[in-house]
Amino acid sequence: MKKKTSPAALEVRKSKEAERILERLNSFLDKTEPEASYFLTRMWGDQKKAITYKELRGAILRGEIDEETIQAWQEDYAHFVEETLKPLWVRAMETATEELAAKYPDYLFDPMHKEIINWINENGARWVTNTAQAQKEAMQAMISHAYSGAWTVDELSRAIRPLIGLNKIQANANLNYYLHIKESLLENNPTMRIATAEKRAKEAALKYAGTQHRQRAYTIATTEMAFAYNKGAYEGV
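Attention here is on the structure that accompanies the text. (Residues numbered from 1 in each chain as written. Predicted model: local features only at pLDDT ≥ 70, side-chain atom pairs only at ≥ 80, totals over all residues. Heavy atoms only, no water.)

Things to note about the environment of N176
Mapping N176 onto the fold places it in helix α7 (residues 168-188). Residues N176 and H145, spaced 31 residues apart in sequence, show a C-alpha to C-alpha distance of 9.9 Å. (Helix = DSSP H or I, 4+ residues; strand = E, 2+ residues; numbered from the N terminus.)

Next up, the structure:
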């Protein structure tokens, strides 16, 4: 009679299998995240260069960012999906099915299968829409600071530009950080000129923004790659 495996042994086996799968996923993410993060941060850098202080001042005075700029951002994100995300999604799915391919010689994962193509296209459209909307909301939240009385239009436009690409929470955190640094400098240095305090606060906020952009890029890259990897594993089976 074949000896039955105890429930405890099954749990150990499942736990080890889950751990092994997680290790493979993490290994894949370690290899691919830097590529996606690099292109994301470079794109945000291009977006920051593309918008002028005059355009930002106009947006602040109007109380909203213009639709032409939003459309340009959507096009940037659509291009990023086509050129960077979609190939990485396919690579993630193929990596997730490597063990099946090794175990079964006749197994083939077809990235051109209808289900895969549909998922990639739908997920790409979702990502572009959600990311562009998040950027629009972040801009609107930053523009609303003009009504607080703590900013001049010129000062706020200079503070906003380096934050393009961040989400609303990150952008607001950076503006609050700028104000905190500026106010602390003026309070602790009564003879300091306001322009000097603003310059130093801007430098500190700019450094903080760099960290925030890297964090956001990392979060997006790892989330999207893990999503595609799990989808590939599911479709592969």
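Side note on the nonpolar core
The tendency in soluble globular proteins is for nonpolar side chains to be buried side by side. Residues L40, W89 and W127 are the most contacted members of the largest nonpolar core, which totals 31 residues. For this core, the secondary structure elements donating two or more residues are α1 (7-50), α3 (67-96), α5 (114-143) and α8 (194-236). Among the elements that make up this core, the one with the highest residue count is α3 (10 residues). Beyond its immediate sequence surroundings of up to four residues, W127 is in contact with L40, Y77, F80, V81, L85, I220 and E224. Core analysis: the second largest hydrophobic core is formed by 29 residues, I51, I65, I143 and L175 among them. (Core = buried A, V, L, I, M, F, W, Y, C linked by side-chain atoms within 4.5 Å. Buried < 20%, exposed > 50% of the residue type's maximum accessible area, 1.4 Å probe, protein only. Contact = heavy atoms within 4.5 Å.)

Digging into the environment of Y147
With respect to the secondary-structure elements, Y147 resides in the loop between α5 and α6 (153-160). Sequence separation between Y147 and G63 is 84 residues; the distance between their C-alpha atoms is 9.4 Å. Sequence-distant contacts of Y147, that is, excluding residues within four places in its chain, are made with I60 and G63.

Notes on empty space enclosed by the protein
Inspection of every chain in the model, using the stated rule, returns 1 cavity of 30 Å³ or more. The space that makes up the largest cavity amounts to roughly 80 Å³. As for the largest cavity, its lining consists of R158, A159, P162, L163, N174, L175, Y178, K202, A205, L206 and A209. Of all the elements in the fold, those that place two or more residues in the lining of the largest cavity are α6, α7 and α8. Ranked by the residues each element gives to the lining of the largest cavity, the list is headed by α8, at 4 residues. (1 Å grid on protein atoms, 1.4 Å probe; cavity = no way out; pocket = protein on both sides within 12 Å on 5 of 7 lines; lining within 4 Å. Points joined across faces, edges and corners; volume = space filled by probe spheres on them.)

A short note on helix α2 (residues 53-62)
Listed in full, the buried residues belonging to α2 are L56, G58, A59 and I60. Packing partners of the buried residues in α2 comprise α5 and α6. G63 sits one or two residues past α2 and shows a positive phi near 90 degrees.

Considering the side chain of Q47
Its location among the elements puts Q47 in helix α1. A relative accessible area of 2% means that Q47 is categorised as buried. Residues contacting Q47, with those up to four places away along its chain left out, are W73, D76, Y77, Q135 and I164.

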